[in-house]
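Below, each chain spelled out in residue letters.
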2 protein chains.
Amino acid sequence: MRERPRFMALQHDFGPAVALSCRECGARYDLGPIFACQDCFGPLEVAYDFGTVSREDIAAGPANIWRYKALLPVPANVADKPNLQPGWTKLHRAGNLGAELGLRDLYVKDDSGNPTHSFKDRVVSIAVEAARNFGFTTLSCSSTGNLAGAVGAAAARAGLDSCVFIPSNLEEAKIVVASVYGGKLVGIEGSYDEVNRFCSELIGDPLGEKWGFVNVNLRPYYAEGSKTLAYEIAEQLGWRIPEQIIIPIASGSQLTKIDKGFKELIALGLVEDTPYKIFGAQAEGCSPVSAAYKAGHDVVRPVKPDTIAKSLAIGNPADGPYVLDIARRTGGAVEDVTDPEIVAAIRLLARTEGVFAETAGGVTVGVLRKLTEAGVIDPDATTVVLNTGEGLKTLDAVQSEARPTAVIRPSLDAFRTAFAN
Amino acid sequence: MRERPRFMALQHDFGPAVALSCRECGARYDLGPIFACQDCFGPLEVAYDFGTVSREDIAAGPANIWRYKALLPVPANVADKPNLQPGWTKLHRAGNLGAELGLRDLYVKDDSGNPTHSFKDRVVSIAVEAARNFGFTTLSCSSTGNLAGAVGAAAARAGLDSCVFIPSNLEEAKIVVASVYGGKLVGIEGSYDEVNRFCSELIGDPLGEKWGFVNVNLRPYYAEGSKTLAYEIAEQLGWRIPEQIIIPIASGSQLTKIDKGFKELIALGLVEDTPYKIFGAQAEGCSPVSAAYKAGHDVVRPVKPDTIAKSLAIGNPADGPYVLDIARRTGGAVEDVTDPEIVAAIRLLARTEGVFAETAGGVTVGVLRKLTEAGVIDPDATTVVLNTGEGLKTLDAVQSEARPTAVIRPSLDAFRTAFAN
């Protein structure tokens, strides 16, 4: 094991987590606020010693992600600390949507039910525990959307300071969500890339010494939060892994962690070792992984995003190559849909299941439809499609098409005329 | 028992519900789509024959309101039908807010976690079951906000048609939420009052024969959904009734039903018969019940609403007199807060607990603060404050005050200068 990095806390409690290990070369490090291998610059992941974990222990836990605390880098008393209790969101049997698409056994995992209405609450809450462990006093991130609210809210409730960095020309509504929790909100005069570069500078400077950037120096812990989607889906299906699952791709981290979660459940004997196919979903306007998949490439060529699915608009997805591996290994695929297809899919999901998804949910449902029509999706297999965010946050996407059916005077005659057919 | 009303379904299953009874004169009616006593025009309520209900049976139920199906006018198989699974929202121990206000044992019941992010999902889901029972094919309402989305979403998932009536000059964002679920959305050229009058006409016309207006002809069933807030709070506190609870007042129905819920739990032996005080909260710009309370009146004089708390802006609250009774009987009170106090309370709750409330949540937290400062709230008693909706739906309220802390160039020097203190 490598020596302790300089930010190492003297005492910490990460529960079953025992080390960080490099995904590329396997080098192991003590648990610390580091994210890249010192040898090969590969990404670091949390490694565990799980011991025995039973379905009964999990079922006896709370109705949030802490029911899986024995599988996460968090202390055993995590649920007792002030936190937003994310997770255990609904897995809706989607009979109406399934009937329309010709799928026999379809489910929607609806993560808009999280405290700040996106899956980001899952990952941020794990980052909060890491921040506490390392003695960080400020929780931070750069963001143009969901992450800002998740960080602000989680820090407020945990009693940490927060500082969120945004491009100064962000839309008013997003500024409200980023600032309402009372932390520092810093507008940076520049593009989102410039915001990110500035954040990297800050991490290396004494100014940022007590700062936990959830998706930079706390990233290995943060990313583990996405595993809980896999755990919940399997448990909500009665402890079995779905045969097909459609997952959105931004950095690709969520998809790789859901795969990791399924593999852990199998290794621990919590579910049967049944085959599953993982499908990745992108917007055409930011589809570097889909393009690589279709071209048969192993590397992902960065693109400049141009899509209404802003929460997936990462042109250079860090986990892209791993996503390609997983889609190919499991017999899945990666596909993309156009902006109009995204809007149509948002409306389809709302009309059939009463779930109003963010654009990212339009991407997954759109890809589900496209792959079903192409005969790639098995219509008889148990299939789960993810909605990772809330339609209220991306109203613009559907605004132009969401109009009254009719506008009439307040009279029965006018009503009768308008709805004569 | 009175004869069956003309809309009576031949067969129905309302679970433990056995009749409707008049809240004023006690006259009883068969369960039907009626809402006012034919003798005295008093409001009709659902009457039950509960039999035995145990904590264990409830705890073995799902993590939504159907765990209380034995206490609601719904069939025993209600959870198996497509529905949005509302309820079982978080009861956060609010240690940070409590410390700031000087309250020792404070909780926030956060109903923004519901499927369409307000408590309306609870009441609408009960109305859906009534609509199914009566063979109605269209779910309908008039609305300027939360109810439209709740009705549209619930109908979509239940496979019912929906038709929502709105004033045609409604804000764009609200039109999106009301129309995205694909039901009919009818803009009425006129005020909200004119929309309501039109809906009453429609109910009396053959055109509306198969229509269930959730808060008109299905109102007795619909209103029962609010009881689940009482059940959940008591169960989440470990089967005890809080000593103090702060509830917003729109029509006043929610407050009266929470009181009814607590009384049922006591009568069934599910909780100890401990005293509780119910406090009603209004916005000063629509405070007819608060005004009557302070003046010592038994009747409520209607007002013309003028407040940012639109979801509470009912100038002639139907249940106002009952609210006055309950506040006085339990030793509670009714209080109101100004629009600036509402905004300050939204920000206070977000900053201390990471919960971004709708304006209605600003009203309850503002009233909590005001009554605490006035010495009316006991700082040592277990106290629950309700947030019934989601801040994303009333962004305008906080927009002008939610600004970046600083806007800087992307450099450490600029950052250092901006945050020198």
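Bear in mind the structure is a predicted one, so any value in this text is a computation, not a measurement.

1. Let's talk about empty space enclosed by the protein
Counted by the stated rule, this structure contains six cavities of 30 Å³ or more. Counted as a void, the largest cavity has a volume near 110 Å³. Along its surface, the largest cavity is lined by 16 residues, and A:Phe356, A:Glu390, B:Pro115, B:Thr116 and B:Tyr181 are the ones closest to its centre. Grouping the amino acids of the lining of the largest cavity by side-chain chemistry returns seven nonpolar, six polar and three charged.

2. Describing the pairing of strand 7 (residues 161-167) of chain B
Residues and elements named next belong to chain B. Counting buried positions along strand 7 yields six of seven residues, so the element is predominantly enclosed. Sheet analysis places strand 6 (residues 138-142) next to strand 7, joined by five bridges and oriented parallel. Bridge pairing links Thr 138 to Asp 161 in strand 7. In the classification by handedness, the crossover that spans strand 6, the intervening helix 4 (residues 146-158) and the parallel strand 7 is right-handed. Both strand 7 and strand 8 (residues 184-188) contribute to a ladder of five bridges, which runs parallel. The residue of strand 8 that forms the bridge with Ile 166 is Gly 187. Chirality of the crossover, the property in question, places the unit of strand 7, helix 5 (residues 172-179) and strand 8 among those that are right-handed.

3. As for unusual backbone geometry
Even without being glycine, A:His117 reaches a positive phi, approximately 70°. By the secondary structure assignment, A:His117 is in the loop between strand 5 (106-110) and helix 3 (120-133). Residue classification places A:His117 among the buried positions, given a relative accessible area of 2%. For B:Phe41, which is not glycine, the phi torsion reads 65° and is therefore positive. Here B:Phe41 shows up in the loop between strand 2 (28-29) and strand 3 (44-48). Given a relative accessible area of 68%, B:Phe41 falls into the exposed group.

4. Concerning the domain arrangement of chain A
Residue and element names in this part refer to chain A. For chain A, the assigned domains are domain 1 (90-117 + 226-399) and domain 2 (120-221). Just the C-alpha atoms count here: the centres of domain 1 and domain 2 sit 26 Å apart. Opposite the 16 residues of domain 1 that make contact, domain 2 presents 10 residues. Buried surface at the junction of domain 1 and domain 2, summed over both partners, amounts to about 970 Å²; 35% is from carbon and sulfur atoms. We note a salt bridge from Arg 122 to Glu 232, for which the minimum N-O separation is 2.8 Å. Where domain 1 touches domain 2, the interface holds seven residue pairs in polar contact (both at pLDDT 80 or more). Looking at the side of domain 1 that touches domain 2, its residues break down into two nonpolar, eight polar and six charged.

5. Considerations on the relation of the copies chain A and chain B
Once chain A is rotated about the relating axis by 180° and shifted along it by 0.0 Å, it coincides with chain B to within an RMSD of 0.0 Å. Expressed as an axis order, the relation between the two copies is that of a two-fold axis. Within chain A, the C-alpha atom positioned nearest to the axis of rotation is that of A:Gly113, 2.9 Å from it. In this assembly, 99% of the residues forming the interface of chain A have copies in chain B that are likewise at the interface, indicating an isologous arrangement.

6. Focus on the packing of helix 8 (residues 227-236) of chain A against helix 9 (residues 253-267) of chain A
Residues and elements named next belong to chain A. For the pair helix 8 and helix 9, the least separation of the axes is 7 Å and the interaxial angle reads 50°. Taken together, the axes of helix 8 and helix 9 are oblique relative to one another. Handedness of the crossing formed by helix 8 with helix 9: right-handed. For the pair helix 8 and helix 9, contact is made by Lys 227, Leu 229, Ala 230, Tyr 231 and Ala 234 and by Gln 254, Lys 257, Ile 258, Lys 260, Gly 261, Phe 262, Glu 264 and Leu 265, respectively. In the contact of helix 8 with helix 9, the residues fall into seven nonpolar, two polar and four charged.

7. A closer look at the pairing of strand 8 of chain B
The side chains of a regular strand alternate, first on one face of the sheet and then on the other. A large share of strand 8 of chain B lies buried, amounting to four of its five residues. Note that strand 14 (residues 406-408) of chain A and strand 8 of chain B share three bridges and pair parallel. Residue pairing across strands places A:Ile408 opposite B:Ile188, the latter belonging to strand 8 of chain B.

8. Focus: the UniProt feature "modified residue: N6-(pyridoxal phosphate)lysine" (unreviewed entry) in chain A
Residue and element names in this part refer to chain A. With numbering matched to this structure, UniProt assigns "modified residue: N6-(pyridoxal phosphate)lysine" (unreviewed entry) to Lys 120. Tracing the backbone through its elements, the reader meets Lys 120 in helix 3. Discounting residues that sit within four places of it in the chain, Lys 120 has contacts with Asn 146, Leu 147, Ala 150 and Tyr 222.

9. What about the interface of chain A and chain B?
Listed per partner, the contact involves 71 residues of chain A and 70 residues of chain B. Summed over the shared surface of chain A and chain B, the number is six salt bridges. The salt bridge partner of B:Arg157 is A:Glu353, with a shortest N-O separation of 2.3 Å. Connecting chain A to chain B are 26 residue pairs in polar contact (both at pLDDT 80 or more).

10. Regarding the sheet that holds strand 5 of chain A
Residue and element names in this part refer to chain A. Pairing is mixed in the open sheet, where six strands are placed in the order 4-5-13-10-11-12. What marks the edges here is a single partner per strand, and that holds for strand 4 (90-93) and strand 12 (333-337). Neighbour-to-neighbour, the strand axes of this sheet turn through a mean angle of 25°, independent of strand direction. Lying on the sheet, helix 10 (residues 288-295) is in contact with strand 11 (277-283) and strand 12; it crosses strand 12 at an angle near 125°. Of the strands in this sheet, strand 11 and strand 12 are in contact with helix 11 (residues 320-330), which crosses strand 11 at around 135°.

11. Re the sheet that holds strand 7 (residues 161-167) of chain A
The parallel open sheet is built from five strands, whose spatial order is 9(A)-6(A)-7(A)-8(A)-14(B). Each end of this open sheet is capped by a strand with a single partner; those strands are strand 9 (211-213) of chain A together with strand 14 (406-408) of chain B. Strand-to-strand twist across the sheet, computed as the mean angle between neighbouring axes with direction ignored, equals 25°.

12. Quick notes on the side chain of A:Ser125
By secondary structure assignment, the location of A:Ser125 is in helix 3. Setting aside anything within four residues of it in sequence, one finds A:Ser125 in contact with A:Ile65, A:Trp66 and A:Pro86.

13. Notes on the pattern of salt bridges
Residues and elements named next belong to chain A. Tallied over the full model, the rule gives 54 salt bridges over all chains. One salt bridge in this structure joins Arg 351 and Glu 100, with 2.7 Å as the shortest N-O distance. Here Arg 351, found in helix 12 (residues 339-353), pairs with Glu 100, found in helix 2 (residues 95-101); they are 251 residues apart in sequence, far enough to count as distant. Looking at Arg 351, the relative accessible area reads 39%, which means it is partly exposed. For Asp 105, the salt bridge goes to Arg 240, with nearest N and O atoms at 4.0 Å. Note that Asp 105 is positioned in the loop between helix 2 and strand 5 and Arg 240 in the loop between helix 8 and strand 10 (244-248), a separation of 135 residues in sequence. A relative accessible area of 32% means that Arg 240 is categorised as partly exposed. A single network of salt bridges, built from pairs that share partners, joins Arg 23, Glu 45, Glu 224, Lys 227, Lys 257, Lys 260 and Glu 264.

What counts and what doesn't
Residues numbered from 1 in each chain as written. Chains lettered and ligands numbered in written order. Predicted model: local features only at pLDDT ≥ 70, side-chain atom pairs only at ≥ 80, totals over all residues. Heavy atoms only, no water. 1 Å grid on protein atoms, 1.4 Å probe; cavity = no way out; pocket = protein on both sides within 12 Å on 5 of 7 lines; lining within 4 Å. Points joined across faces, edges and corners; volume = space filled by probe spheres on them. Nonpolar A, V, L, I, M, F, W, Y, C, P; charged D, E, K, R; others polar. Buried < 20%, exposed > 50% of the residue type's maximum accessible area, 1.4 Å probe, protein only. Helix = DSSP H or I, 4+ residues; strand = E, 2+ residues; numbered from the N terminus. Pairing = 2+ DSSP bridges. Right-handed = clockwise from strand over helix to strand, strands pointing away. Domains from an automatic or database assignment. Contact = heavy atoms within 4.5 Å. Buried area = accessible area lost by both parts, 1.4 Å probe. Salt bridge = Lys/Arg side-chain N within 4 Å of Asp/Glu carboxyl O. Polar contact = N/O pair within 3.5 Å; in protein donor to acceptor, adjacent residues only side chain to side chain. Least-squares fit on C-alpha atoms with pLDDT ≥ 70 in both. Axes fitted to C-alpha atoms, helices over the stretch in contact; angles between N-to-C directions. Parallel < 35°, antiparallel > 145°, perpendicular 65-115°, else oblique. Left-handed = near helix turned anticlockwise from the far one by under 90°. UniProt positions renumbered as here; feature names shortened; annotations may be inferred.

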